[in-house]
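The chain contents come next:
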Amino acid sequence: MGHADTLLAMGGAFMGAALLARLGGRIGLPTIPLFMLAGILLGPHTPGPVLVEDAHDFAMLSALGLVLLLFCLGLEFHLDDLRNGGRRLLTAGGVYLLLNVGAGLAFGFALGWGVREALVLAGVLGISSSAIVTKILIDQGRLGRPETRLILGVIVVEDIFLALYLAALQPVVGGAQGAGDAVVQGAKAFGFLLVLAAAARHGTRLVGRLIVTRDNELLVISFLGAAVLIAGVSELLGVADAIGAFMVGLILAGTPSGPRIRALVHPLRDAFAAIFFFAFGLAIDPGDLASVAVPVAAAAALTLVMNVAAGLCVARLYRYGPEPAAAIATTLVARGEFALILAAMATGAGLDGRLAPFIAGYVLVLAVLGPVVAGHARLFARVLRPAHGPPGTPAGTPDAEAPDAEAPDADAPDADAPDADAPDADAPDADAPDADAPDAEPSGAPSRSDSVRALSGRRGSRSG
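These numbers come from a predicted model, not from an experiment.

1. Observations regarding the packing of helix 1 (residues 3–25) against helix 2 (residues 31–41)
Here is step 1: Closest axis-to-axis distance for the helix 1/helix 2 pair is 8 Å, and the angle between their directions is 135 degrees. The angle between helix 1 and helix 2 places the two elements in the oblique class. The hand of the helix 1/helix 2 crossing is right-handed. Contacts from G16, A17, L20, A21, G24 and G25 of helix 1 reach helix 2 at T31, L34, F35, L37, A38 and L41.
Here is step 2: By residue class, the composition of the contact of helix 1 with helix 2 is 8 nonpolar, 4 polar and no charged.

2. Examining unusual backbone geometry
Here is step 1: At R319, a residue that is not glycine, the phi angle is positive and equals roughly 60 degrees.
Here is step 2: Examined against the element boundaries, R319 turns out to sit in the loop between helix 14 (293–317) and helix 15 (322–331).

3. Some words on the confidence of the model for the protein chain
Here is step 1: Per-residue confidence for the protein chain averages 79 on the pLDDT scale, and 79% of its residues sit at or above 70.
Here is step 2: The least confident element of the protein chain is helix 19 (residues 448–463), whose mean pLDDT is 46; the most confident is helix 14, at 94.
Here is step 3: The model gives residues 390–446 a pLDDT under 50, and that stretch makes 132 contacts with residues more than four places away or in other chains.
Here is step 4: Scored below 50 in pLDDT, residues 452–464 makes 21 contacts in the model with residues more than four places away or belonging to other chains.

4. Focus: helix 17 (residues 355–375)
An α-helical turn contains 3.6 residues, so a residue and the one three or four places further along point in the same direction.
Here is step 1: Taking 1.5 Å of rise per residue, the 21 residues of helix 17 would be expected to cover 30 Å, and the 30 Å separating its terminal C-alpha atoms lies within 8% of that figure.
Here is step 2: At L369, helix 17 shows its strongest bend, of approximately 30 degrees, with the proline P371 following within four residues.

5. Examining the pattern of salt bridges
Here is step 1: Enumeration according to the criterion identifies 4 salt bridges in this entry.
Here is step 2: With a closest N to O distance of 2.8 Å, R269 and D270 form a salt bridge.
Here is step 3: Classification of R269 by relative accessible area gives buried; the value is 3%.
Here is step 4: Classification of D270 as partly exposed rests on a relative accessible area of 26%.
Here is step 5: Taking the shortest distance from any N to any O, the salt bridge between R378 and E323 comes out at 3.4 Å. You can see R378 sitting in helix 18 (residues 377–384) and its partner E323 sitting in helix 15, a full 55 residues away along the chain.
Here is step 6: Overall, R378 belongs to the exposed group, its relative accessible area being 57%.
Here is step 7: On the basis of relative accessibility, which here comes to 13%, the residue E323 falls in the buried class.

6. Digging into the packing of aromatic side chains
Here is step 1: Within the structure shown, the criterion is met by 8 aromatic pairs.
Here is step 2: Relative to F358, the ring of W113 lies with its centre 5.8 Å away and its plane at 90 degrees, an arrangement referred to as edge-to-face. Placement of W113 in the loop between helix 4 (79–111) and helix 5 (115–126) and of F358 in helix 17 is noted, with a sequence separation of 245 residues between them. Of the two residues examined, W113 and F358, each falls in the buried class.

What counts, and where the lines are drawn
- Residues numbered from 1 in each chain as written.
- Predicted model: local features only at pLDDT ≥ 70, side-chain atom pairs only at ≥ 80, totals over all residues.
- Heavy atoms only, no water.
- Axes fitted to C-alpha atoms, helices over the stretch in contact; angles between N-to-C directions.
- Helix = DSSP H or I, 4+ residues; strand = E, 2+ residues; numbered from the N terminus.
- Parallel < 35°, antiparallel > 145°, perpendicular 65-115°, else oblique.
- Left-handed = near helix turned anticlockwise from the far one by under 90°.
- Contact = heavy atoms within 4.5 Å.
- Nonpolar A, V, L, I, M, F, W, Y, C, P; charged D, E, K, R; others polar.
- pLDDT = per-residue confidence, 0-100.
- Expected span 1.5 Å × (residues − 1).
- Bend = angle between axes of the 7 residues up to and from the residue.
- Salt bridge = Lys/Arg side-chain N within 4 Å of Asp/Glu carboxyl O.
- Buried < 20%, exposed > 50% of the residue type's maximum accessible area, 1.4 Å probe, protein only.
- Phe/Tyr/Trp six-rings, centres within 6.5 Å; stacked < 30°, edge-to-face > 60°.

Structure representation (structure tokens):
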């Protein structure tokens, strides 16, 4: 592709994705499936104008978008979110992962596409889209609801699992020669991650001194160079490049420059993430979607059932009434960016060719269906209400006989810390930008940390 052709293709990709996202936004659709749809419509597999003949022409831009996506996820992640949630939060996240990832693994083996493909599908079906879930909570005005902190806490647990799962999956999907080779590659990958984790835990002061500068231009060049460099080293050592970028974000999040980095990286992340989703759409042949329509429908139905089951189990754990239980059960249905990350990994490893169209169709269905299902949570609550004792239980609150959602677990021994329902939203993060800042996700939604801070602001205003 010549220089002029490259510029035309890039400009057309941005404009096509933006136009389709604007139109879809008018009816409440998230941007991730629309960026994918723009790539499908403007790619070589559909009639009409073709901007890019070969999706590999966007390979480097797409890889940079993936690196920035996980780098920003690391910036938004705080160990305190998990620590303050207590054991009940870990249990809640574990229930979601056990049911959804377990169902995804069983579904993958049932399809008979191969063991490596089944492992990829386990992650695809098991991890919610934090971008779409956060947008649902914002759009539906649910930041002040008692169950929202629990939902955000489950996303935190899923994010941790995703990072570990990608690191463990890379040697297997990458074609390790035998069990011994897989163990060696896995040990090398986890050793590298342990070094980065130690830097995140104990080296933030030194890293902060090295990266600190008042000049925004120098700061952008510094953190972008660090993220891309460590991503490249990760790839050489058998760890997914995106996981290396995630760890760099985790390290920089604890430095004094963390809030400025979050503000500066978001425009870059949004632009290149759009190209990542667009490029994924370029590689999809709509004719292949028809061949996987039945598995896609079955997987979407399975995801709905497992999310409802997990949501009801978690609501029972927290003793929530029917309306919060229905909200929890229906909010975490959407799948998006993380499924596409796994799809890109599978495509690069040369796995079964049906995986990419399957994941594309699955994401398109659930990214659209997720907000619709969450918007009808009240209907589901009516079904649940007869099973939740007397009809006088207040809507949107835990059951009357249950401990208060904000109070420590009365059954817990005094030696334990109070068991908070979710990451601590009452103490604003000193390093975080103001809660009113837009801090948008790739889908156009505020980030998870912004949602927690917005919730903190509302609670503070009520107490004042």
